[in-house]
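# Analysis of the macromolecular model
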Amino acid sequence: QIFGQYRSNNYNKDGNRHLGLYVSAFAVRKTTHTDNNHIQVDGYVCNTPFLRETPGGRKITEVKIAVNRSHNISDYLPCIFWEKDAEAAAQFAPGDHVTLEGRIQSRIYYPKAAQNENSSDRSDGKGKERIAYEVSVRSFLTDGTNNKEKKPAVSKEKMPSGTGNQDKKPDNEK
């Protein structure tokens, strides 16, 4: 087991902005625990959630969670919610406090190539292969507080979660 913090770092490479994600390990311990990919996050919603459907018809909501650390530094972690949890997470507002559990996953995607982009080597109009890293949420709780409003958010405390669909691989996951 690795104990530490999942951190983020924005950087520029070749004129493009990137979000780097890494683990800052505090301790490593040998274990026989079978859940090799588990993360707990306690933070605040920092963007308006985006609810959509995958090509396979599954509901998914993308949310970026800000996790505060010392020295006024925050890490911004991309998180995805599935099915019924996606519908509930779509109601979040920026500043809402959320505690979640899930796993870190990666997926390959192909953004549509810009008309002036020469880097597309695909005949189907898709751009270069990209890899996204995110937290796939298994369960979550909200306590009804909103960091931006200084008053309780719309009642979302102890939302139902754990629809059982989170452990199925998404259509585009390798």
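In this section: unusual backbone geometry. Unlike most non-glycine residues, Asp 14 shows phi in positive territory, near 55°. For Asp 14, a relative accessible area of 71% gives the class exposed. For Asn 72, which is not glycine, the phi torsion reads 55° and is therefore positive. Within the secondary structure, Asn 72 sits in the loop between β5 (59-69) and β6 (73-82).

Of note, Arg 58 is situated in the loop between β4 (50-53) and β5. Polar contacts involving the side chain of Arg 58 include one to the side chain of Glu 83, which spans 3.2 Å.

With that out of the way, let us pick up the confidence of the model for the chain. Mean pLDDT over the chain works out to 78, with 76% of the residues at or above the 70 mark. Considering only residues more than four positions removed or in separate chains, one finds that residues 150-174, a stretch of pLDDT under 50, has 54 contacts.

Attention now goes to the packing of aromatic side chains. Under the criterion given, the structure shown has three aromatic pairs. Judged by centre distance (5.8 Å) and plane angle (80°), the rings of Phe 81 and Phe 92 are edge-to-face. Taken together, the positions of Phe 81 in strand β6 and Phe 92 in the loop between α1 (83-89) and β7 (96-109) put the pair eleven residues apart, joining distant regions of the chain. Aromatic side chains Phe 92 and Phe 140 sit 5.8 Å apart centroid to centroid with 90° between the ring planes, which places their arrangement in the edge-to-face category. Remark: Phe 140 occurs in strand β8 (residues 130-146) and Phe 92 occurs in the loop between α1 and β7; sequence separation between them is 48 residues. Among the residues examined, Phe 92 registers a relative accessible area of 4% and is labelled buried. By relative accessible area, which is 2% here, Phe 140 ends up buried. Three or more aromatic residues joined by ring pairs form one cluster here, namely Phe 81, Phe 92 and Phe 140.

Looking now at a nonpolar patch on the surface. A cluster of nonpolar residues, Ile 2, Val 23 and Val 28, forms a patch on the protein surface that exposes about 310 Å² of accessible area. For Val 28, the position within the fold is in strand β2 (residues 16-28).

Before going further, it helps to examine the nonpolar core. Burial of nonpolar side chains together is a common tendency in soluble globular proteins. By size, the foremost hydrophobic cluster in this structure holds 19 residues, and its most contacted members are Val 41, Ile 65, Cys 79, Phe 81, Phe 92, Leu 100 and Phe 140. Of all the elements in the fold, those that place two or more residues in this core are β3 (39-45), β5, β6, α1, β7 and β8. Contacts of Ile 65, omitting those with residues within four sequence positions, involve Val 41, Gly 43, Tyr 44, Val 45, Cys 46, Asp 75, Tyr 76, Leu 77, Cys 79, Val 98 and Leu 100.

Here the focus is the pairing of β5. Note: β3 against β5, two bridges, orientation antiparallel. In the strand pairing of β5, Tyr 44 is matched with Ala 66. As judged from the four bridges shared by β4 and β5, these two strands associate in the antiparallel manner. Among the inter-strand pairings, Leu 51 is bridged to a residue of β5, identified as Thr 61. Across ten bridges, the pairing between β5 and β6 is antiparallel. When the bridges of β6 are listed, Val 63 appears paired with Cys 79.

Moving on, we come to the state of the cysteines. If you walk through the whole model with that rule in mind, you get zero disulfides. Cys 79 provides the cysteine sulfur closest to Cys 46, a residue in no disulfide bond, and the two sulfurs are 9.1 Å apart. Owing to a relative accessible area of 30%, Cys 46 belongs among the partly exposed residues under this scheme.

Analysis parameters
Residues numbered from 1 in each chain as written. Predicted model: local features only at pLDDT ≥ 70, side-chain atom pairs only at ≥ 80, totals over all residues. Heavy atoms only, no water. Buried < 20%, exposed > 50% of the residue type's maximum accessible area, 1.4 Å probe, protein only. Helix = DSSP H or I, 4+ residues; strand = E, 2+ residues; numbered from the N terminus. Polar contact = N/O pair within 3.5 Å; in protein donor to acceptor, adjacent residues only side chain to side chain. pLDDT = per-residue confidence, 0-100. Contact = heavy atoms within 4.5 Å. Phe/Tyr/Trp six-rings, centres within 6.5 Å; stacked < 30°, edge-to-face > 60°. Patch = residues over 30% accessible without salt bridge, like charges linked within 9 Å, V, L, I, M, F, W, Y side chains within 5 Å. Areas by Shrake-Rupley, 256 points an atom, 1.4 Å probe, with all protein chains shown as cover. Salt bridge = Lys/Arg side-chain N within 4 Å of Asp/Glu carboxyl O. Core = buried A, V, L, I, M, F, W, Y, C linked by side-chain atoms within 4.5 Å. Pairing = 2+ DSSP bridges. Disulfide = S-S within 2.5 Å.

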